[in-house]
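# A closer look at the structure
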Amino acid sequence: MKSDLIIIGGGASGLMAAYQAARAFGDAGRPASVVVLEKMPRVARKLMITGKGRCNFTNVKSWNEFSSHVRAGARFLRPAFYTLPPEQLVSFFAVNGMRSVVERGDRAYPASYLASDVVDMLRRVCLGAGVKIQTGAEVTEVLQRCPSDKSPEYRFSVATADGETHMCRSLIIATGGLSYPTTGSTGDGYTWAKALGHSIVPTFPSLTALVPKAYKANESKGLHIDRETPLTALGRVLCGVEFKDARVELIIDGNVAQSEAGEVYFTDGGIEGPVGFQISRKAVKAMINGAHVSLVVSVTPGKITDILSPKLQTLHVSVEELGRKEVKWTFEIAGYVGYERAVVTAGGVDTDEVLPKTLESRLCPGLYLCGEVLDLDADTGGYNLQIAFCTGALAGQSAAKSLA
Ligand SMILES: Cc1cc2nc3c(=O)[nH]c(=O)nc-3n(C[C@H](O)[C@H](O)[C@H](O)COP(=O)(O)OP(=O)(O)OC[C@H]3O[C@@H](n4cnc5c(N)ncnc54)[C@H](O)[C@@H]3O)c2cc1C
């Protein structure tokens, strides 16, 4: 089978790339075949569970503020951000029948608060623009044909698990990272990028729960503590407790590395919630590098703390009473919940090897990369989906332009 452009991965970035490419071909008056190969039975499984099913699809901050929430690759991201900035993404959705609402912290959601509306709309606009979406099409191999020939007609051959071989003139890898593998994101894109000459910045789970010492059973097995591991007595005391207004200090090898204020939740995973997640990136990276990590959680006493303090003291968690104003708990961190329940993957294809203005590989002409497969990640708040959508838009437009 021969196509002009194949996009591997029908997630947020892949669908946006496909739509933008098909539109660009259409605008240039050049009919072209754009194909999405998605391994799951339906597209965008991960998008469906974003924002607890409500889909916080972007954050409408200006670039200066937005970029301060990007934890890797902010400079690289800039041209993509301006290709489809948040307000244009909101307008794009509106033009295609999906109104949005903006909540506190500049977080944008579909007005229906249904992630499925975002997925349905993206699928519909893709099909309307002539994109061919093949689901249940798991790509198993990507080969560059005639690497020495700078412009062969069909530069890539892509094999799928059902034994089909697709050939294409340009290829976009939009396979996401490793988080929530049950949605289809299992890191396959890293393998092909590596085989095509790219370096992979070591990956690790980010925006994930941090597990305090003695919170879960069997924690001696390593830093990765599976979400399903049963809770201990301490875990059972704390699980379900939520503080709306806590201060959390991340201590790495005895020094304060980060300080955040806001919501902290104790769950069956460990410490999470917006503040827990915010701190998790630095904490996980430090633990992987062998550092000692602890969290100091400070809250104003109230009903919950009155009940909790004595229980925690019995369980030997150092509880400091700071007069009437604050209670401070120190939690040594034993590990973290892994990719099985991490919101994003940090690390990925090295952005130094990709052109920021087109997202074409510097090493393999005709290959484009977008979304979480790249070494780009950000805080919670709609930043990661904005990254997926705007890099998808740029990759799709660039691929179409180079072929038109
Ligand atoms: C629980 C959860 C909640 C989240 N909530 C938010 C939120 O509210 N706001 C926000 O900004 N971000 C959120 N995120 C992060 C955001 O969802 C991701 O950053 C974003 O989806 C990445 O988009 P992507 O297109 O790069 O990858 P993905 O969405 O992971 O899509 C990749 C696609 O590629 C397909 N694929 C992979 N390998 C193959 C293969 N071999 N062959 C064919 N297809 C393949 C996969 O099946 C998948 O459909 C959340 C993430 C999670 C896990």
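Preceding this paragraph is the structure being described.
What counts and how
Residues numbered from 1 in each chain as written. Predicted model: local features only at pLDDT ≥ 70, side-chain atom pairs only at ≥ 80, totals over all residues. Heavy atoms only, no water. Helix = DSSP H or I, 4+ residues; strand = E, 2+ residues; numbered from the N terminus. Rg over C-alpha atoms; globule rule 2.2 N^0.38 Å. Buried < 20%, exposed > 50% of the residue type's maximum accessible area, 1.4 Å probe, protein only. Contact = heavy atoms within 4.5 Å. Areas by Shrake-Rupley, 256 points an atom, 1.4 Å probe, with all protein chains shown as cover. Lys, Arg positive; Asp, Glu negative; His and termini not counted. Charge placed at Lys NZ, Arg CZ, Asp CG, Glu CD. Salt bridge = Lys/Arg side-chain N within 4 Å of Asp/Glu carboxyl O. Near = heavy atom within 4 Å. Polar contact = N/O pair within 3.5 Å; in protein donor to acceptor, adjacent residues only side chain to side chain. Nonpolar A, V, L, I, M, F, W, Y, C, P; charged D, E, K, R; others polar. 1 Å grid on protein atoms, 1.4 Å probe; cavity = no way out; pocket = protein on both sides within 12 Å on 5 of 7 lines; lining within 4 Å. Points joined across faces, edges and corners; volume = space filled by probe spheres on them. Phe/Tyr/Trp six-rings, centres within 6.5 Å; stacked < 30°, edge-to-face > 60°. Lys NZ or Arg CZ within 6 Å of the ring centre and 35° of its normal. Expected span 1.5 Å × (residues − 1). Bend = angle between axes of the 7 residues up to and from the residue. Pairing = 2+ DSSP bridges.

This brings us to the overall build of the protein chain. Across its full length, the protein chain holds 11 helices and 21 strands. Expected size for 404 residues packed as a compact globule is a radius of gyration near 22 Å; at 23 Å, the protein chain falls within 12% of this value. Out of the 404 residues in the protein chain, the part that is buried amounts to 55%. Expressed as a percentage of contacts within the protein chain between residues at least 6 apart in sequence, the contacts between residues at least 24 apart total 72%. When the accessible surface of the protein chain is split by element, carbon and sulfur atoms take 51% of a total near 16,900 Å². The averaged location of the 41 negative side-chain charges in the protein chain is 3 Å from the averaged location of its 43 positive side-chain charges.

Per the counting criterion, the structure on display carries 14 salt bridges. The partner of Arg104 in a salt bridge is Glu263, and the shortest N-O contact between them spans 3.8 Å. A residue pair is termed long-range when its members are at least 10 positions apart, and Arg104 in the loop between strand S5 (100-103) and strand S6 (107-110) and Glu263 in strand S14 (residues 255-266) qualify at 159 residues. Glu272 is paired through a salt bridge with Arg227; the nearest N and O atoms lie 3.0 Å apart. Residue Glu272 is found in strand S15 (residues 271-272), and its partner Arg227 is found in the loop between strand S12 (210-212) and helix H8 (233-238); the two are separated by 45 residues along the sequence. Here the two residues Glu272 and Arg227 agree in accessibility, since each one is buried. Linked by salt bridges that have partners in common, Asp4, Arg30, Glu153 and Arg169 make up one network.

As a further point, take the site of the ligand. Around the ligand lies a shell of 35 residues, among which Glu38, Ser185, Asp188, Glu372 and Leu385 are the nearest. Measuring from a nitrogen atom of the ligand, one finds a backbone N or O atom of Lys39 at 3.1 Å. A distance of 2.7 Å separates an oxygen atom of the ligand from a polar atom in the backbone of Leu385. For the shell around the ligand, the leading source of residues is helix H11 (residues 383-403), giving 4 residues. Among the residues making up the shell around the ligand, the classes are represented as 15 nonpolar, 14 polar and 6 charged.

The next point concerns the layout of surface pockets. In this structure, the second largest pocket spans a volume of roughly 200 Å³. Taken together, Pro41, Arg42, Val43, Arg45, Met48, Ser116, Val119, Asp120, Arg123, Ile133 and Thr135 make up the full set of residues lining the second largest pocket. Every element with two or more residues in the lining of the second largest pocket is listed here: helix H2 (45-49) and helix H6 (115-128). A per-element tally of the lining of the second largest pocket places H6 first, with 4 residues.

Here the structure, examined in full by the defined rule, presents 15 aromatic pairs. For the pair Phe57 and Phe93, a centre-to-centre distance of 4.6 Å together with 45 degrees between the ring planes defines the contact as tilted. Taken together, the positions of Phe57 in the loop between H2 and strand S3 (58-59) and Phe93 in helix H5 (residues 86-95) put the pair 36 residues apart, joining distant regions of the chain. On the accessibility criterion, Phe93 (0% relative accessible area) is buried. Judged by centre distance (5.8 Å) and plane angle (90 degrees), the ring pair of Phe93 and Phe389 falls under edge-to-face. Of this pair, Phe93 sits in helix H5 while Phe389 is found in helix H11, placing the two residues 296 residues apart along the sequence. Taken together, the ring pairs connect Tyr19, Phe57, Phe92, Phe93 and Phe389 into an aromatic cluster. Across from the ring centre of Tyr109, 4.6 Å away, lies the NZ or CZ of Arg54, which sits over that ring.

As for its placement among the helices and strands, Gln134 is situated in strand S7 (residues 132-134). Judged by its relative accessible area of 18%, Gln134 falls in the buried class. C-alpha of Gln134 to C-alpha of Asn96: the two residues are 38 residues apart in sequence and 22 Å apart in space. Beyond its immediate chain neighbours, meaning those up to four positions away, Gln134 contacts Val35, Val36, Leu37, Glu38, Glu164 and His166.

This part covers helix H9 (residues 273-288). In a regular helix each residue adds 1.5 Å, so 16 residues correspond to 22 Å; H9 covers 22 Å between its end C-alpha atoms and thus fits that length. When the local axis directions of H9 are compared, the greatest deviation, roughly 40 degrees, occurs at Ser280. In terms of burial, H9 is largely enclosed, as 12 of its 16 residues are buried. Within H9, burial applies to Gly273, Val275, Gly276, Phe277, Gln278, Ile279, Ser280, Arg281, Ala283, Val284, Ala286 and Met287. Taken from the residues just after H9, Gly290 is the one with a positive phi, measuring 90 degrees.

This part is about the sheet that holds S6. Spatially, the 3 strands line up as an open sheet ordered S3-S6-S5, and their pairing is antiparallel. Edge positions in the sheet fall to S3 and S5, since each has one partner strand and no second. Taken together, the 2 bridges between S3 and S6 define a ladder with antiparallel strand orientation. Following the sheet pairing, Asn59 is matched in S6 by Arg107.

It is worth spelling out the side chain of Thr208 at this point. One can find Thr208 in the loop between strand S11 (200-206) and S12. Here the side chain of Thr208 touches Val337 through a polar contact of 2.7 Å, landing on its backbone oxygen. With residues up to four places along the chain from it excluded, the contact list for Thr208 reads Ile271, Gly276, Phe277, Ser280, Val284, Tyr336, Val337, Gly338, Arg341 and Ala342.

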